[in-house]
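What follows is each chain in one-letter form.
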Amino acid sequence: MDVLGQPDTWGIPGPTFLVFFLSTAAVLVVGTLVHRSVRFAGRTPSDLDHLHPVQVAWLNGGDSLAVYTALGALRAAGAVGTGADRRLHRTGPLPTGASRLEWAVHEATGRRIRAGQLTGDGGVRTALTDLRSGLERDGLAPTADARLAARTGPLLLLGLVALGAVRLGAGLAADRPVGFLVLALAFLLPTSLVLLFMVPRQTRAAKTVLRQMRVRYQHLSPVNSPAYATYGVAGAAMGVAIFGTAALYDLDPAFAAQAEIQRTAASGAGGSGDSGGGGDSGGG
Amino acid sequence: MTGSLADRQAALVATLVAGAPVPPGFDDRLVGVARAALLRKRAGETARQWPMLAAGLGHRWFPVFAGWATSRPTRGSLRDGWDLARGLVAKGQLPTVAAEELAVREASWRYDGSTAPRRRRWPAVRRVDGALVCQVAGRIRVVPLRRRRG
Amino acid sequence: MRRRLRRGLRRMTGDGATTYGVGIGWRPEISGFVADLPGLRFVEVIAESVASTGPPPALAELRDRGVAVVPHGVRLSLGGAEPVEPDRVRHFAQVARLLDAPLASEHIAFVRAGGVEAGHLLPLPRTREAVDAVVANVRRVQAELTVPLALEPIAALFDWPDDELDEAQFLTEILDRTGALLLLDIANVYANARNRGSDPLALLDRLPLDRIGYVHVAGGAAHDGIYHDTHTDPVPDAVLDLVTDLCARHRPPALLLERDGHYPEAAALRGELDAIAEASGYPAIT
């Protein structure tokens with residue numbers, strides 16, 4: 001019975017339910033965040049030089065960027081090209097020192113595939129799984145167990161939200177005040193969805209590594225118009241891995257456009273406004 | 001050659017970059033070679049800023065650029081390519097691959113044709129054949145409107 | 001305080017006080033390559049490409065590491081009949097300060113006239129009027145610079161019709177009246193001589209070699225019987241031979257490989273730097 005003598009929903013007074021509801025939610029949210037902080041810490045590699053560009057690319061942009069990095073490396077080595085049909089084809093042999101992913105992409109280009117279909121190719125998918133396992137072993141990507149465990153908290157939270165929704169429905173039907181409950185649900189529903197779906201692909205150690213790579217390889221950023229011939233195939237690949245497909249467009253704009261590679265991580269098309277940076281060759 | 005240093009220098013510049021005739025006393029052939037060399041260098045710089053425009057015109061890039069640029073002194077390679085591309089659009093002669101490149105630039109920068117281009121602060125959208133070029137906060141996304149042939 | 005001491009130690013004059021050996025033109029396109037050169041002790045950067053807020057991080061890193069960075073202007077138009085624009089001079093001097101540069105350089109050329117930009121370095125008529133114009137502009141720049149200025153004569157495909165002075169006289173007079181140093185572009189000497197059928201050594205012997213601040217070495221290519229100093233081609237053996245000839249007469253404190261585009265594989269660039277080192281007798285920097 002409440003102040004006005006009306007029956008409580010389910011026999012539980014409003015404030016009591018809210019306290020139970022909010023404290024459980026708080027425990028779940030805090031628990032999720034703490035769990036994530038612990039299990040997603042990762043291990044910093046002792047040596048950044050051992051990271052292959054496709055590994056850096058996967059940590060930075062997932063499957064698609066890893067595949068585009070492999071494609072960029074193959075293009076820089078003269079091993080792939082596109083035709084007027086916008087499909088990829090082989091133009092040369094696999095370069096030495098190629099990773100398994102590059103091998104798989106090179107194989108796939110023998111099957112008249114489009115660049116956008118590469119992540120769906122069987123061989124490429126196997127190579128990507130392989131890549132991810134390697135990163136998990138190195139402590140740069142969270143293991144599948146950790147990712148699953150990271151979803152437990154949010155799922156429980158969603159369950160709690162569902163309970164709150166049912167209580168809300170019952171409360172509305174009985175014409176009871178539901179203001180605070182609505183507020184709580186409005187906050188908790190998006191929070192639980194975000195926590196459920198936004199499970200990071202990398203560990204915190206990997207994020208640190210990516211920051212360091214960005215600084216170390218700043219010279220490969222498309223804003224510098226890097227001389228890819230000077231930096232070689234490895235340089236071209238690392239450029240795509242760190243700076244996205246904008247680097248692929250910088251490396252070979254005709255190829256990238258014809259292969260219809262989506263411009264991710266591209267800042268408003270380069271171009272300094274003034275050619276005052278040019279040299280002083282020749283004479284009148 | 002008579003005239004003050006200023007006049008003489010202005011005459012030479014006009015010859016080399018604005019299509020004026022060779023002033024008396026100069027070796028016609030050598031001035032012509034210099035003019036061509038300047039155009040080549042300018043074409044190269046413009047192609048670096050507008051790779052798809054150059055690629056789209058292929059072996060016609062230099063003749064088209066030279067024909068357009070001979071009487072137009074440079075305004076910097078970004079504006080040179082931009083003015084040329086807009087000119088080609090007006091005549092319906094812009095290669096398809098160059099159209100997306102132009103749309104990306106138009107979506108990212110504001111250029112009125114007479115003052116220096118400025119980066120756009122607000123989002124912008126431009127249409128190209130079969131796609132929409134969207135710019136938000138400096139990032140470009142090209143959205144295909146229909147499946148391209150091929 | 002440490003900065004001023006560093007600048008004093010790195011004064012680059014023609015009297016052989018400090019030598020820097022072989023250097024390379026810093027360009028954003030090859031900044032990663034330049035950063036990895038172990039023996040590098042000096043670079044040059046296009047002055048107009050450095051923002052007034054400061055150099056790009058990669059260049060600042062070189063400066064902070066003790067590598068001498070020299071700003072090289074290309075748009076001041078010192079040879080123009082019109083006085084050099086104050087804003088450009090101000091920026092030029094500011095860049096020299098930002099880079100902690102031991103000296104700065106520009107060209108004996110003009111790039112604009114009659115309100116039109118040539119977009120390129122153009123040769124001056126070798127007249128006394130032109131000498132006066134250059135000297136006046138150089139003095140305006142020197143008034144704002146706190147470090148010495150070196151002047152580079154350019155390669156010219158054609159000559160003006162009524163030159164009063166020859167190349168050596170023209171240059172010497174300008175240097176005498178301004179007290180500026182000489183930035184000798186050995187590739188330009190080669191280009192001018194080859195295109196006129198004259199002997200590059202004859203010109204070298206008439207130049208004030210003891211006034212050299214540093215030397216440019218660059219590549220080019222011949223088309224239709226004319227040699228163009230393109231800066232986008234490999235350095236020809238003939239130019240390297242001239243470097244050896246120059247060093248036999250007077251070894252300059254520093255030599256710079258100037259490359260503006262079509263950058264080759266790293267191994268080729270290293271090869272060119274090594275070749276210049278060998279030709280000049282300086283240690284290899286690769």
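Residues numbered from 1 in each chain as written. Chains lettered and ligands numbered in written order. Predicted model: local features only at pLDDT ≥ 70, side-chain atom pairs only at ≥ 80, totals over all residues. Heavy atoms only, no water.

### Brief notes about the packing of helix H1 (residues 14-39) of chain A against helix H5 (residues 144-173) of chain A
Residue and element names in this part refer to chain A. Condition: Only the stretch in contact is used when fitting a helix axis, every axis being a line fitted to C-alpha atoms; angles between N-to-C directions are given from 0 to 180 degrees. Numbering of helices and strands runs from the N terminus; a helix is a DSSP stretch of H or I covering at least four residues, while a strand is a stretch of E covering at least two. To sort the angles, those under 35 degrees are grouped as roughly parallel, those over 145 as roughly antiparallel, those from 65 to 115 as roughly perpendicular, and the leftovers as oblique. In this scheme, a crossing is called left-handed if the near helix is turned counterclockwise away from the far one by less than a right angle; it is called right-handed if the turn is clockwise. Following the grouping adopted for this structure description, the nonpolar residues are Ala, Val, Leu, Ile, Met, Phe, Trp, Tyr, Cys and Pro, the charged ones are Asp, Glu, Lys and Arg, and the polar ones are all others, Gly among them.
Look at H1 against H5: their axes get within 10 Å of each other, and the N-to-C directions meet at 165°. Classified by the interaxial angle, the pair formed by H1 and H5 is roughly antiparallel. Our pair here, H1 against H5, has a crossing hand that is left-handed. When its residues are assigned to classes, the contact of H1 with H5 shows 15 nonpolar, six polar and four charged.

### Comments concerning the packing of aromatic side chains
Remark: the centre distance and the inter-plane angle together describe each pair of aromatic rings, the angle taken between the planes. The condition that has to hold: Centre distance within 6.5 Å is the pairing criterion for rings of Phe, Tyr and Trp, where only the six-membered ring of Trp is used; planes under 30 degrees apart are then read as stacked, over 60 as edge-to-face, and the remainder as tilted. Exposure classes here rest on a 1.4 Å probe applied to the protein chains alone. A residue is buried below 20% of its type maximum, exposed above 50%, and partly exposed in between. Counting as a charge over the ring demands two things of the Lys NZ or Arg CZ atom: a distance within 6 Å of the ring centre and an angle within 35 degrees of the ring normal.
Taken as a whole, this structure holds 11 aromatic pairs over all chains when the rule is applied. When the centroid spacing of 5.7 Å and the interplanar angle of 75° are considered together, the rings of phenylalanine 26 of chain B and phenylalanine 158 of chain C count as edge-to-face. Placement of phenylalanine 26 of chain B in the loop between helix H1 (5-17) and helix H2 (28-49) and of phenylalanine 158 of chain C in the loop between strand S7 (149-153) and helix H6 (167-178) is noted, with the two residues assigned to different chains. Each member of the pair, phenylalanine 26 of chain B together with phenylalanine 158 of chain C, is buried. Between phenylalanine 65 of chain B and tryptophan 68 of chain B, the aromatic rings sit 6.1 Å apart at their centres with planes inclined by 45°, giving tilted as the arrangement. Remark: tryptophan 68 of chain B and phenylalanine 65 of chain B occur in helix H4 (residues 61-69); sequence separation between them is three residues, near one turn of the helix. Taken individually, phenylalanine 65 of chain B and tryptophan 68 of chain B each receive the classification buried, so the pair is uniform in this respect. The aromatic ring of phenylalanine 17 of chain A is capped on one face by arginine 167 of chain A, whose charged end is 4.5 Å from the ring centroid. Residue placement shows arginine 251 of chain C over the ring face of tyrosine 282 of chain C; its charged tip is 3.9 Å from the ring centre.

### Overview of the nonpolar core
Rules: Joining through side-chain atoms within 4.5 Å is the link that ties buried Ala, Val, Leu, Ile, Met, Phe, Trp, Tyr and Cys residues into a set, and such a set is a nonpolar core. Every residue pair with non-hydrogen atoms within 4.5 Å of one another is taken to be in contact.
Counting 156 residues, the largest nonpolar core has Leu71 and Leu101 of chain A together with Ile24, Phe33, Val43, Leu184 and Ile186 of chain C as its most contacted members. Here this core gets 12 residues from one element, more than from any other, and that element is helix H2 (residues 53-76) of chain A. If we ignore the near neighbours within four places in the chain, the residues touching leucine 184 of chain C are Val189, Leu204, Leu207, Leu209, Ile212, Tyr214, Val215, His216 and Leu246 of chain C. Judged by nonpolar contacts, the second largest core, of 23 residues, contains Ala43, Trp82, Leu84 and Tyr111 of chain B.

### Some thoughts on the interface of chain A and chain C
Interface extent is often summarised as the accessible area lost during association of the parts. Cut-off, in case you're wondering: In short, buried area is how much 1.4 Å probe accessible area vanishes from two parts on joining, totalled over both. What counts as a salt bridge is simple: a side-chain nitrogen of Lys or Arg found within 4 Å of a carboxyl oxygen of Asp or Glu. Under the rule applied, a polar contact is a pair of N or O atoms within 3.5 Å (in protein, one hydrogen donor and one hydrogen acceptor; residues adjacent in sequence only if both atoms are side-chain atoms).
Contacts between the two partners involve 18 residues from chain A, matched on the other side by 34 residues from chain C. Carbon and sulfur atoms make up 52% of the area that chain A and chain C hide from each other, which totals about 1,800 Å². For the pair chain A and chain C, the interface holds zero salt bridges. The interface formed by chain A and chain C holds five residue pairs in polar contact (both at pLDDT 80 or more) in total. The residue makeup of the side of chain A that touches chain C, split by class, is four nonpolar, 13 polar and one charged.

### Regarding the environment of valine 199 of chain A
For valine 199 of chain A, the position within the fold is in the loop between helix H6 (179-197) and helix H7 (204-216). Contact partners of valine 199 of chain A, with chain neighbours within four places excluded, come to Arg36, Phe40, Arg147, Ala150 and Arg151 of chain A.

### Quick notes on helix H9 (residues 237-249) of chain C
All names here are of chain C. Note the cut-off: One less than the residue count of a helix, multiplied by 1.5 Å, gives the span that helix is expected to have. Directions pointing from the helix axis toward each C-beta atom define the arc.
Under the 1.5 Å per step criterion, the end-to-end length of H9 is 19 Å for 13 residues, consistent within 8% with the ideal 18 Å. Among the residues making up H9, those that are buried are Val239, Leu240, Leu242, Val243, Leu246 and Cys247. The arc that holds the buried residues of H9, viewed along the axis, is 155°, so those residues lie on one side. Within H9, the exposed residues directed more than 90 degrees away from the buried face are Asp237 and Ala248.

### Looking at the pattern of salt bridges
Taken as a whole and assessed by the stated rule, the structure comprises 25 salt bridges over all chains. The shortest N-O distance in the salt bridge between aspartate 130 of chain A and arginine 100 of chain A comes to 3.2 Å. Here arginine 100 of chain A lies in helix H3 (residues 100-108) and aspartate 130 of chain A lies in helix H4 (residues 122-137), a separation of 30 residues in the sequence. On the basis of relative accessibility, which here comes to 40%, the residue aspartate 130 of chain A falls in the partly exposed class. Of the residues examined, arginine 100 of chain A reaches a relative accessible area of 41% and is grouped as partly exposed. Between arginine 27 of chain C and aspartate 260 of chain C there is a salt bridge whose closest N-O contact spans 2.8 Å. You can see arginine 27 of chain C sitting in the loop between strand S1 (21-25) and helix H2 (31-35) and its partner aspartate 260 of chain C sitting in the loop between strand S12 (254-258) and helix H10 (266-280), a full 233 residues away along the chain. Each of the two residues, arginine 27 of chain C as well as aspartate 260 of chain C, counts as buried.

### Points about a nonpolar patch on the surface
All names here are of chain A. Here is the rule: Residues qualify for a patch when their relative accessible area is over 30% and they have no salt bridge, like charges being joined within 9 Å and the nonpolar side chains of Val, Leu, Ile, Met, Phe, Trp and Tyr within 5 Å. Accessible surface is estimated by sampling points in the Shrake-Rupley manner with a 1.4 Å probe; for residues, cover comes only from the protein chains shown.
On the surface, Trp10, Ile12, Phe20, Leu163 and Val166 cluster together into a nonpolar patch covering about 440 Å² of accessible area. Positionally, leucine 163 belongs in helix H5. Judged by its relative accessible area of 33%, leucine 163 falls in the partly exposed class.

### Quick notes on the sheet that holds strand S5 (residues 139-144) of chain B
All names here are of chain B. Spelled out, the test is: Each pair of strands is called paired provided DSSP finds at least two bridges between the two strands.
Ordered in space as S3-S4-S5, the three strands form an open sheet in which the pairing is antiparallel. Whereas interior strands pair on both sides, the edge strands pair on one side only; in this sheet they are strand S3 (124-128) and S5. The sheet shows a mean angle of 20° between the axes of neighbouring strands, taken without regard to direction. Here strand S4 (residues 131-136) runs beside S5; their pairing, made up of six bridges, is antiparallel. Bridging across to S5, alanine 131 finds its partner in proline 144. Against the sheet, helix H6 (residues 96-108) makes contact with S3, S4 and S5, and its axis sits at roughly 165° relative to S3, the strand it touches most.

### Digging into helix H8 (residues 228-243) of chain A
Test applied: Fitting one axis to the seven residues ending at a residue and another to the seven starting there, the bend at that residue is the angle between the two axes.
With 16 residues, H8 of chain A extends just 14 Å between its outermost C-alpha atoms, more than 12% less than the 22 Å of an ideal straight helix rising 1.5 Å per residue. The sharpest bend along H8 of chain A comes to roughly 75°, located at alanine 234 of chain A. Taken across its 16 residues, H8 of chain A has 12 buried, putting it largely inside the fold. Turning to H8 of chain A, its buried residues number three or more, namely Tyr228, Thr230, Tyr231, Gly235, Ala236, Ala237, Met238, Gly239, Val240, Ala241, Ile242 and Phe243 of chain A. Summarising the contacts, the buried residues of H8 of chain A are in contact with H2, H7 and helix H9 (245-251) of chain A together with H2 and H10 of chain C. Just past H8 of chain A, the residue glycine 244 of chain A takes up positive phi, approximately 85°.

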